[in-house]
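As a plain string of letters, each chain reads:
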Amino acid sequence: MILARVVGTVVATRKDPRLEGKKLLILKPVSPEGKDEAGYVVAVDTVSAGFREKVLAVSGSSARLAEGCKDTPVDTAIIGIVDEIHLD
């Protein structure tokens, strides 16, 4: 799983028909402490995440098992919105 923050959106006027109606968001991976990590990821939003929200995302075959992603060409999907993080 990937812990990340939503930092933007992707608008694509031409895309695979199986992605029609799906929201694509840009994610910035973060550490559990909330510090930015390297890189960005584009993910399909399955939970109606909002700008700057912390989310959980999955990639690879797990992404294709997310709600509404079966038989869809996705590599990363947002599967949860994070309310709190507690480290012991």
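See above for the structure.
Notes on the structure follow. Quick caveat, the model's predicted, so the values are computed rather than measured.

1. Focus on the environment of G50
Position of G50 relative to the elements: it lies in the loop between β3 (41-45) and β4 (54-59). Exposure remark for G50: the relative accessible area of 24% places this residue in the partly exposed category. Separated by 15 residues in the primary sequence, G50 and K35 place their C-alpha atoms 19 Å from one another.

2. A look at unusual backbone geometry
Phi is positive for S48, which is not a glycine, with a value near 60 degrees. On the secondary structure map, S48 appears in the loop between β3 and β4. Even without being glycine, D71 reaches a positive phi, approximately 60 degrees. Following the sequence through the fold, D71 ends up in the loop between β4 and β5 (76-81). Using a relative accessible area of 58% as the deciding quantity, one classes D71 as exposed.

3. Here's the deal with the pairing of β5
Note that β3 and β5 share two bridges and pair parallel. The residue bridging D45 from the neighbouring strand is I78, located in β5. Of the pairings in the sheet, the one linking β4 to β5 comprises five bridges and is antiparallel in character. In the sheet register, S59 faces β5, and the bridge partner there is T76.

4. Describing the pairing of β3
Where strand β2 (residues 24-29) lies against β3, four bridges are found, and the strand directions are antiparallel. In the strand pairing of β3, I26 is matched with V42.

Cut-offs applied
Residues numbered from 1 in each chain as written. Predicted model: local features only at pLDDT ≥ 70, side-chain atom pairs only at ≥ 80, totals over all residues. Heavy atoms only, no water. Helix = DSSP H or I, 4+ residues; strand = E, 2+ residues; numbered from the N terminus. Buried < 20%, exposed > 50% of the residue type's maximum accessible area, 1.4 Å probe, protein only. Pairing = 2+ DSSP bridges.

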